[in-house]
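The chain contents come next:
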Amino acid sequence: MVVTGAYNPHLVALSILVACLASYTALGLGGHVRVARGPARQAWLVAAAITMGGGIWSMHFIGMLAFVMPIPMSYDIGLTALSLVVAVVVTGSAFYTISRQATSPLRLALAGIFMGLGIVAMHYTGMAAMRGHTELDYNRLLVALSVVIAIGASTAALWLAFQTTDPWQKLVAALVMGVAISGMHYTGMEAATFTTHGSVPDAPTNARLDQTNLALAVAGFTFVILAFASIASLSQQKRAEEALRESEERWRAVFENNPAMYFMLDAAGTIVDVNPFGAEQLGYTVDELVGRPVLNVFHEADRDAAQRSVAACFEQLGRTMTWEFRKRRKDGTMLWVRETARAMPIKHRPVALIVCEDISERKRAEYLARQVFETSPDRISIVGRDYCYQRVNPAFERRYGVSADTFVGKHVAEFLGWEGFEKTARAHYARCFAGEEVSYAEWFNIAFGRRYLAVTYTPLRPASERVEAVLVISRDLTDQMLASEALRKAQMELSHANRLTTMGQLTASIAHEINQPIAAIVTNAQAALRWLEAGPPNLDETRQTVTRIVNNGIRAGDVIQRIRTLIKKEPERTDRFDINDAISDVVALTGSELSSNGVALQTQFAQGLPPIQGDRVQLQQVVLNLIVNAIEAMSAMSGGTRELSISTKLDAPNGALVAVRDSGPGMDPENLERLFEAFYTTKSIGMGMGLSICRSIIEAHDGRIWAEANAPQGATFQFVLPLADCVVPQRQPSTRA
């Protein structure tokens, strides 16, 4: 005989209330599981499992107690406890599985099926714990329906537990879950059929009271557990809210006061927020930018690309993206920025946070470097460790007549020549790859002829301390070198011509210097003949006379040798010589010229001067030029004394100082510097090249020449020459006339 029972509506309502409260509490605890880490996460996971599993079991047990049958019923303690353990374990396992990684539909479905089947197992284990004088059968269709409801309710519970954050949404979700769990239970109860053989024994009169009291006790215990869980959840939520508020305050402080540009955009590209520094950099206030399309602050030419970049950022939430564009300030000036952006959901809507870095100076430097690279007449290249070109500038294209791309990937020897590469370039590259900067200049025989190149190798370390490539700058100085050689030859020709001109001015003096020893030779020779014709011959007088002839011949030879040396056209020489002796030789040539012009000469040479290093003939030319200029200046005077002084002295630490002082009419102080300019002259028939050549000679010897006006009249020309020795001794000057 089929036994039918009736439900206690109060206990049914109590079971549904327990299911809803358990669901609400479990949803709150599930939120803590999602955000917690470490041991705290495990503790919240256990609490959520006990709350959800225990709540489902309590609802199930109260629901069974609400079903009152006319026969006495009892429950197997072991199976009843097992049903509770099953509920807690399967709920905890499902929570653990779904919370380990980012939720995916497949993981959610598998966890829901596992938890649903566990609840079904809990329910029917609890049903099997019932003991009475009945047999229990099930309607398979209703059992299947209860399984479907259990899986659906479990999947919804798991999804809501890790997705729901809004309080009202969580309340509605708890009600839906509670009703669904209750629906699964009562569907399972409806699937059960109780049959008994024989008459139905009378149930004790206090059975209803006992079931009610037991249900109330279970409900009360469950409410206590849920209350503690809710208090813990609320306390943690309060702490989390306080931490969140503090975090938001810190974030706001950083956002408002950081000297970096921050922008927040929504998916439509509208500026949601901007920090004061970012607005200030663009010349706006915060209120002027918020609510405006962000494209308005980009340069017109970059707006399409910027729009595509922002759209790609929203399409790939959580991915960091970077781009570089131009922005236009309120005053119209341009600002280059490098933006780093990431889009993420905030309060259920995607928002992109963009950090902007001002890279205007970097872009300006890159532009200037690119202009130098592109427009430089020098050949600039980057060569890798394999000696192959990685990049070349357009100067290569202009020189070789082929596209610059032709060089990339080719070995430098293919254009420099293998012989030149092996003899010279390879060693320089090796030094540069070792970290040394190398520079040199020499003549090269290359594909388009013999060229004089100045080459600089600079090591490049783009990513580490290791030299990865070499920056090679090659400057063609062939035309300059050819012009320099031509100029040097022209200067030598002009210097030689000036020397001959000066010697021409001294022709009379030179003739006098030569005639004197020649006349003395003739006179002494005649005297020697007379001494030999005497009887007996006077050999002593003859010997003395012949000795004078030899001395006069040597004197004449010295004069001729000095003249030949001064007028001889020969390349520059570098000798060590005594400056006093060199000046004395020049003075000897000008003796007659000084005498014929009534000029009194006084020399004051410092004794023991260290030797000079240089071209003796060129420096003698300078002294000769200064003496001749002084004689000409004083010969034009109608009266007054004509005095010329030549002196040398030690000018430590500069070297030896030579001074030529005259008592001529003097010079205008304002024109002293112009005296050494080419083609400037104060003479009516002068060319204006003598002093210019003198300055070139002195400066070529690393010296310095200058002029000074004397008081009350006259001028002094002085030059300083470096000594050949490093140590400069101090000596006292001596005077001779």
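All values derive from a computational prediction rather than experimental measurement.

1. Remarks on the overall build of the protein chain
At step 1: Looking only at helices and strands, the protein chain features 21 helices and 25 strands.
At step 2: Taking all 737 residues of the protein chain together, 41% fall into the buried category.
At step 3: Counting contacts in the protein chain only where the partners sit at least 6 residues apart, residues at least 24 apart contribute 66% of the total.
At step 4: Per element, the accessible surface of the protein chain, about 38,800 Å² overall, is 57% carbon and sulfur.

2. Observations regarding the pattern of salt bridges
At step 1: Enumeration over the complete set of coordinates arrives at 14 salt bridges.
At step 2: Here Glu374 makes a salt bridge to Arg391, at a shortest N to O gap of 3.8 Å. Here Arg391 lies in strand 14 (residues 389-392) and Glu374 lies in helix 11 (residues 360-375), a separation of 17 residues in the sequence.
At step 3: Residue Arg391 is classed as partly exposed on the basis of its relative accessible area of 40%.
At step 4: For Glu468, the salt bridge goes to Arg466, with nearest N and O atoms at 3.4 Å.
At step 5: Of the residues examined, Arg466 reaches a relative accessible area of 46% and is grouped as partly exposed.

3. Topic: the environment of Phe433
At step 1: Its place among the elements puts Phe433 in helix 14 (residues 418-433).
At step 2: Put simply, Phe433 and Leu460 are 27 residues apart on the chain and 8.6 Å apart in space, counted from C-alpha to C-alpha.

4. Remarks on the nonpolar core
At step 1: One finds Ile583, Ile612, Ile627, Leu644, Phe717 and Phe719 to be the most contacted residues of the largest nonpolar core, which totals 44 residues.
At step 2: At the level of secondary structure, the elements contributing two or more residues to this core comprise helix 18 (579-589), strand 19 (600-606), helix 20 (616-635), strand 21 (643-651), strand 22 (655-662), helix 21 (690-700), strand 23 (704-709) and strand 24 (715-721).
At step 3: The dominant element in this core, judged by the number of residues it contributes, is helix 20, at 10 residues.
At step 4: Each residue touching Ile627, except ones within four places of it in the same chain, is listed here: Val586, Val587, Thr590, Leu644 and Ile646.
At step 5: Judged by nonpolar contacts, the second largest core, of 36 residues, contains Ala19, Ala66, Met130 and Met189.

Thresholds, definitions, all that
Position numbers for residues count from 1 along each chain, tracking the sequence in the order it is written. Given that this is a predicted model, residues contribute local features only at a pLDDT of at least 70 and side-chain atom pairs are listed and counted only at 80 or more, while totals for whole chains, interfaces and linings are drawn from all residues. Side-chain descriptors were evaluated using all non-hydrogen atoms of the structure, hydrogens and water having been removed beforehand. We count a stretch as a helix when DSSP gives it H or I for four or more residues in a row; a strand needs E for two or more, and each element gets its number in order from the N terminus. Three labels apply to residues, based on accessible area from a 1.4 Å probe with only protein chains included: buried if under 20% of the type maximum, exposed if over 50%, partly exposed otherwise in between. Throughout, a residue-residue contact means that at least one pair of heavy atoms, one from each residue, lies within 4.5 Å. A 1.4 Å probe and the Shrake-Rupley method give the accessible areas. Residues count as covered only by the protein chains that appear here. Whenever Lys or Arg places a side-chain nitrogen within 4 Å of a carboxyl oxygen from Asp or Glu, that contact is recorded as a salt bridge. Within this scheme, the nonpolar core is defined by two criteria: the residues are buried Ala, Val, Leu, Ile, Met, Phe, Trp, Tyr or Cys, and they are joined through side-chain atoms within 4.5 Å.

These values are about where atoms sit, not about what they do.
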